[in-house]
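# Descriptive analysis of the structure
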Amino acid sequence: TGINMDGFVGLGVALVVMWAGFGIAKDTLNTLIGEPVSPEVYEKIKKFVEGYDGIEGVHDLIVHNYGPGRTLISLHAEVPADGNILTLHDTIDTIEHELRSKLNCNAVIHMDPVSTNDPETLSLKAEVKAYLDQIDPKLSMHDFRIVKGLTHTNLIFDIVVPYDYPVSDQDVVDSVTKRIQMNHPDFYAVIDVDKAVVQ
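Thresholds applied
Once a new chain begins, its residue numbering starts again from 1 and follows that chain's sequence as written. Where totals are concerned, whole chains, interfaces and linings use all residues; where local detail is concerned, this predicted model gives features only for residues with pLDDT of at least 70, and gives and counts side-chain atom pairs only at 80 or more. Each side-chain value is derived from all of the structure's non-hydrogen atoms; neither hydrogens nor water enter the calculation. Each axis is a line fitted through C-alpha atoms, taken for helices only over the stretch in contact, and angles between the N-to-C directions span 0 to 180 degrees. Working definition: helices are DSSP H or I runs of at least four residues, strands are E runs of at least two. Numbering for both runs from the N terminus. Our angle categories are set so that under 35 degrees counts as roughly parallel, over 145 as roughly antiparallel, 65 to 115 as roughly perpendicular, and the remainder as oblique. By convention, the crossing between two helices is left-handed when the near helix turns anticlockwise from the far helix through less than a right angle, and right-handed when the turn is clockwise. Contacts were defined at the residue level, with two residues in contact if any of their heavy atoms lie within 4.5 Å. Residues were grouped as follows: Ala, Val, Leu, Ile, Met, Phe, Trp, Tyr, Cys and Pro as nonpolar; Asp, Glu, Lys and Arg as charged; and all remaining residues, including Gly, as polar. Take the residue count of a helix, subtract one, and multiply by 1.5 Å to get its expected span. For the exposure calls, accessible area comes from a 1.4 Å probe over protein chains only, and a residue counts as buried if that area is under 20% of its type's maximum, exposed if over 50%, partly exposed in between. Starting at the helix axis, one direction is taken to each C-beta atom, and the arc is that of these directions. What makes a patch is a set of residues exposed beyond 30% relative accessible area and free of salt bridges, joined within 9 Å when like-charged and within 5 Å when nonpolar (Val, Leu, Ile, Met, Phe, Trp, Tyr). Accessible surface is estimated by sampling points in the Shrake-Rupley manner with a 1.4 Å probe; for residues, cover comes only from the protein chains shown. The salt bridge criterion pairs a side-chain nitrogen of Lys or Arg with a carboxyl oxygen of Asp or Glu, the two atoms within 4 Å. Two N or O atoms count as a polar contact when they lie within 3.5 Å, although within protein this holds only if one can serve as hydrogen donor and the other as acceptor, and sequence-adjacent residues are included solely when both atoms are side-chain atoms. Note: two strands are recorded as paired if DSSP finds a minimum of 2 bridges between them.

### Let's talk about the packing of helix α2 (residues 39-50) against helix α3 (residues 85-103)
Put simply, α2 and α3 touch, their axes get as near as 11 Å, and they point 135° apart. Judged by the angle between their axes, α2 and α3 are oblique. With respect to the hand of their crossing, α2 and α3 are arranged in right-handed fashion. Across from Lys-44, Ile-45, Phe-48 and Val-49 in α2, the residues of α3 making contact are Ile-95, Glu-98, Leu-99, Lys-102 and Leu-103. A class-by-class count of the residues in the contact of α2 with α3 yields 6 nonpolar, no polar and 3 charged.

So, in structure tokens, the structure goes:
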């Protein structure tokens, strides 16, 4: 043809190599930087852990994926505050070993004691949950407990807020706090905000 094709062919090969390199880097970086756990995996692990006696609930579940055979799960398991600590610890150890053998991952589980029998705590917990549902059903809470003092009572709990939530964390906290103090002037809300780890 009288046209030197070497440069054009070389440019085409360079673009293919760059595109392949970009795809490989993207896949590798996503794993190294961290990806949110899928709802399916989240539910599978949650149901697995909650299937054991003495586990009241699961939250703050994070899956750290560092490549094949290098997966680490960390989570908080709610256990009865009045349960036998040795029995509960043995249950946690069993769950960690079962996760390792059945899901091929290492697990670190933190125990959060929660009241399961105190009528006042359960009533207030349901009340606060109703406040969250009124604000937005996407909001949830965990680690609810009461600490009574001489002059006031602290309601301590965490609120889980989605990452893309259009209202600021402080506005959510203020709204819940206002509703609590309207009905319970002597109660102080001590609230931490967690971000949802599931897409």
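That covers the picture; the talk isn't over yet.
### Things to note about helix α4 (residues 119-135)
Residues separated by three or four positions in an α-helix point in the same direction, a consequence of the helix having 3.6 residues per turn. The end-to-end C-alpha separation of α4 is 25 Å, in line with the 24 Å expected for 17 residues at 1.5 Å each. Those residues of α4 that sit buried are Thr-121, Leu-124, Val-128, Tyr-131 and Leu-132. Buried residues in α4, looked at end-on, bunch into an arc of 95°, giving them a common side. Opposite its buried face, α4 presents the exposed residues Pro-119 and Gln-134, each directed more than 90 degrees away. Those residues of α4 that are buried are in contact with β4 (140-148), β5 (153-161), α5 (169-183) and β6 (187-195).

### Comments concerning the environment of Thr-116
Mapped onto the elements, Thr-116 comes out in the loop between β3 (106-114) and α4. By relative accessible area, Thr-116 is classed as partly exposed at 26%. Once the C-alpha coordinates of Thr-116 and Val-79 are considered, the two residues, 37 residues apart in sequence, prove to be 8.7 Å apart. Residue contacts for Thr-116: discarding those within four places in its chain leaves Glu-56, Pro-80, Asp-82 and Leu-122.

### What about a nonpolar patch on the surface?
A cluster of nonpolar side chains, contributed by Ile-3, Met-5, Phe-8, Val-9, Val-13 and Val-17, occupies part of the molecular surface with about 600 Å² of accessible area. Its location among the elements puts Val-17 in helix α1 (residues 6-33).

### Considerations on α2
Compared with an ideal rise of 1.5 Å per residue, which puts 12 residues at 16 Å, α2 spans 16 Å between its outermost C-alpha atoms and is within 8% of the ideal. Regarding α2, the residues found buried are Tyr-42, Ile-45 and Val-49. For α2, the angular spread of the buried residues around the axis is 75°, confining them to a single face. Across α2 from its buried face, at more than 90 degrees, point the exposed residues Glu-40, Lys-44 and Lys-47. On its buried face, α2 sits against β1 (57-65), β2 (71-80) and α3.

### Quick notes on the environment of His-110
Inspection of the secondary structure assignment puts His-110 in strand β3. For His-110, a relative accessible area of 40% corresponds to the partly exposed category. Considered as a pair, His-110 and Ser-74 are 36 residues apart in the sequence and their alpha carbons are 7.9 Å apart. Leaving out residues up to four positions away in the same chain, His-110 has contacts with Leu-75, His-76 and Ala-77. A distance of 2.9 Å separates polar atoms of two side chains, one belonging to His-110 and the other to Asp-112.

### Details of the packing of α4 against α5
Running from N to C, α4 and α5 point in directions that differ by 135°, and their axes come no closer than 10 Å. The pairing of α4 with α5 is recorded here as oblique in orientation. With respect to the hand of their crossing, α4 and α5 are arranged in right-handed fashion. On α5, the residues touching Glu-127, Val-128, Tyr-131, Leu-132, Gln-134 and Ile-135 of α4 are Ser-175, Val-176, Arg-179, Ile-180 and Asn-183. Residues belonging to the contact of α4 with α5 are distributed by class as follows: 6 nonpolar, 3 polar and 2 charged.

### Some details on the sheet that holds β1
Strand order in the open sheet formed by 3 strands is β1-β2-β3, with mixed pairing between adjacent strands. In this open sheet, the two edge strands, each paired with only one partner strand, are β1 and β3. Shown here is a sheet whose adjacent strand axes are inclined to one another by a mean of 15°, direction ignored. When β2 meets β3, the two strands line up parallel, connected through 9 bridges. Each bridged residue has a counterpart across the sheet, and for Ser-74 the counterpart in β3 is Val-108. Relative to the sheet, α2 contacts β1 and β2, its axis offset from that of β1 by approximately 130°. The strands touched by α3 within the sheet are β2 and β3, with β3 carrying the most contacts at an inclination of about 150°.

Remember that the coordinates give geometry; whether it matters functionally is a separate question.
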